[in-house]
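Given next are the chains, with one letter for each unit.
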Amino acid sequence: MDMQATQEDLTTNNQNKIQNNSLTSSYKLTLKRQIFNHNDLQAFINSQIYIDYIDFITKLSQSVKGISSQTNLSISPICQTIIEMLSEFGSWIPQITVHQHKSRFGNPAFNIWFDKLVENSEKWIEKFIAKEFIPEIRGYLHLSFGNPERIDYGTGHEAHFAIFLFCLDKLNLISSIDYSAIVLKVFQRYLDLMRELQLTFWLEPAGSHGVWGLDDYHFLPFLFGAGQLVDHKHITPNAILQQDYLDCFARDYIYLACVKFVNQIKTESLIWHSPMLYDISAVKTWRKINEGLIKMYKKEVLGKLPIMQHCMFGTIFSFESPANLNSNSDNNHNHDNDNCNDNNHNHNHNHNNNNNNHNSTNYQPIKNFRNPN
């Protein structure tokens, strides 16, 4: 039976907010925030887990060099299970009727989908995770799809899905032989699902209107996509400015698919709606772009306190604040003092603006992409 996002459903959903919060935050028994200030962030950047995570992301990027997204890859049972899980998550979307909402962004019907995620995630996770790690892995999965209260999504949520995959690697459930399938099949399925959620429920870009993503929401698809095109003999970086290339090769290369998608949902040309992508197209080689994006990911995602203060740590993706703050610090976290409240994040978009362009006054593109540092 189809789920109808009627006013009654949404009212009931709000009435059950306390119950839902207990469900969606149950992972906090095993996952904790450890980054509260710039000293904590710097300690994290200097930590071994940071090095291991960057190494994982880099190897994923390297694993797809020269491989078309349409290539028939060997997919391990665990990767296949994750793909099937994500497909089930996606199957709920058409069942939810999205009614008109006064604001363009943040349709409350997203909470109906998110409740389904919480209700059904454990049955999937227990298929490939030992019992003692289920709460931790399940927590990272829940954090991967956006915030159900703010109804937003950004690179921090995307990072939690990468951490979800990183944990599987740390537990030796996947290995380097799986990496190309992880990017081209698993991560691609996740990206497809997120695109559908973003367009259906109009998830608001987290932060200053997507300031920490290369489009309004994402960073990693561009990083992986650039790795895929390293040393390509015919497709050069400026090919993204030519619609014929995008139409012909979007199915084969993630980077081109991402640019094509952005062009389809924006009304202006690339130079106006995505100045960073336009700037990157002037770089001579995909190798330099790939290396630059890795540096940029470190600086603009993992190096930003407004993002990383919401990162969760456990026994697998493990880091402890130097101050060894107790659990009360989480409850006493002052959103007015650390630039993570909605006003300081500049959630002041014109929700009636169909152009959906970067119009935050704090949006500062990195002008020198070749040397982000």
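Quick look at the structure, then. Sequence order sets the numbering: in each chain, residues are counted from 1 along the sequence as written. Local features are withheld for residues below a pLDDT of 70 in this predicted model, meaning they are given only at 70 or higher, and side-chain atom pairs are given and counted only at 80 or more; totals for whole chains, interfaces and linings count all residues. Just so you know, side-chain values use all the structure's heavy atoms and leave hydrogens and water out.

1. Considerations on unusual backbone geometry
A positive phi is found at Asn172, a non-glycine position, where the angle reads about 60°. Of note in the backbone geometry, Trp202 takes a positive phi value of approximately 45° without being a glycine. Each helix is a run of DSSP H or I of at least 4 residues and each strand a run of E of at least 2, with the numbering of both proceeding from the N terminus. Position of Trp202 relative to the elements: it lies in the loop between helix H9 (179-201) and strand S3 (204-205). Buried, partly exposed and exposed residues are distinguished by accessible area as a fraction of the type maximum, computed with a 1.4 Å probe on protein chains only: under 20%, between the cut-offs, and over 50%, respectively. Look at Trp202 and you get partly exposed, because its relative accessible area is 28%.

2. Thoughts on the packing of helix H11 (residues 220-228) against helix H13 (residues 254-265)
Only C-alpha atoms enter the line fits that serve as axes; for helices the fit covers just the stretch in contact. Angles between N-to-C directions range over 0 to 180 degrees. Following both chains from N to C, one finds H11 and H13 inclined at 135°, their axes separated by 7 Å at the closest point. What the angle tells us is that H11 and H13 run oblique. Residues Pro221, Phe222, Phe224, Gly225, Ala226 and Gln228 of H11 pack against Ile254, Tyr255, Cys258 and Val259 of H13. Amino acids outside the nonpolar list (Ala, Val, Leu, Ile, Met, Phe, Trp, Tyr, Cys, Pro) and the charged list (Asp, Glu, Lys, Arg) are all regarded as polar, and Gly is one of them. When grouped by side-chain class, the residues that make up the contact of H11 with H13 number eight nonpolar, two polar and no charged. Angles below 35 degrees are treated as roughly parallel, those above 145 as roughly antiparallel, those between 65 and 115 as roughly perpendicular, and all remaining angles as oblique. Note on contacts: a residue pair qualifies if any of its non-hydrogen atoms lie within 4.5 Å across the two residues.

3. A short note on helix H7 (residues 134-142)
Since the α-helix packs 3.6 residues into each turn, any two residues three or four apart lie on the same face. Across the nine residues of H7, eight count as buried, placing the element largely inside the fold. Where H7 is buried, its residues meet helix H5 (77-91), helix H6 (110-125), helix H8 (155-170) and strand S4 (312-313).

4. Let's talk about the side chain of His160
Tracing the backbone shows His160 in helix H8. With relative accessibility at 6%, the residue His160 sits in the buried group. Here Gly156 takes part through its backbone oxygen, which lies 3.0 Å from a polar atom of the side chain of His160. Each polar contact in these results corresponds to two N or O atoms within 3.5 Å; when the atoms are within protein, one needs to be able to donate a hydrogen and the other to accept it, and residues that are neighboring in sequence are counted only if both atoms are side-chain atoms. Polar contacts involving the side chain of His160 include one to the main-chain amide nitrogen of Met312, which spans 3.3 Å. Once residues lying within four places of it in the same chain are set aside, the contact partners of His160 are Tyr140, Leu143, Ser144, His310, Cys311 and Met312.

5. Here we look at a nonpolar patch on the surface
Each patch is built from residues lacking any salt bridge and having more than 30% relative accessible area; the joining distance is 9 Å for like charges and 5 Å for nonpolar side chains (Val, Leu, Ile, Met, Phe, Trp, Tyr). A 1.4 Å probe and the Shrake-Rupley method give the accessible areas. Residues count as covered only by the protein chains that appear here. Here a salt bridge means any side-chain nitrogen of Lys or Arg lying within 4 Å of a carboxyl oxygen belonging to Asp or Glu. A surface patch of nonpolar side chains, about 440 Å² in accessible area, is lined by Leu241, Ile271, Trp272 and Tyr278. Structurally, Leu241 is set in the loop between H11 and helix H12 (243-249).

6. Regarding empty space enclosed by the protein
Cavity and pocket criteria rest on a 1 Å grid covering protein atoms alone: a 1.4 Å probe that fits but cannot get out defines a cavity, protein on both sides within 12 Å along at least 5 of 7 lines defines an open pocket, and an atom within 4 Å of a point defines a lining residue. Grid points are joined across faces, edges and corners, and a volume is the space filled by probe spheres set on the points. All told, the structure shown has five cavities of 30 Å³ or more when counted by the stated rule. Within this model, the largest cavity holds a volume of roughly 60 Å³. Considering the residues around the largest cavity, the lining is formed by twelve residues, among which Asp215, Asp216, Val262, Ile265 and Lys266 are closest to the centre. At three residues, H13 tops the list of elements feeding residues into the lining of the largest cavity.

This is a description of form; function is not addressed.
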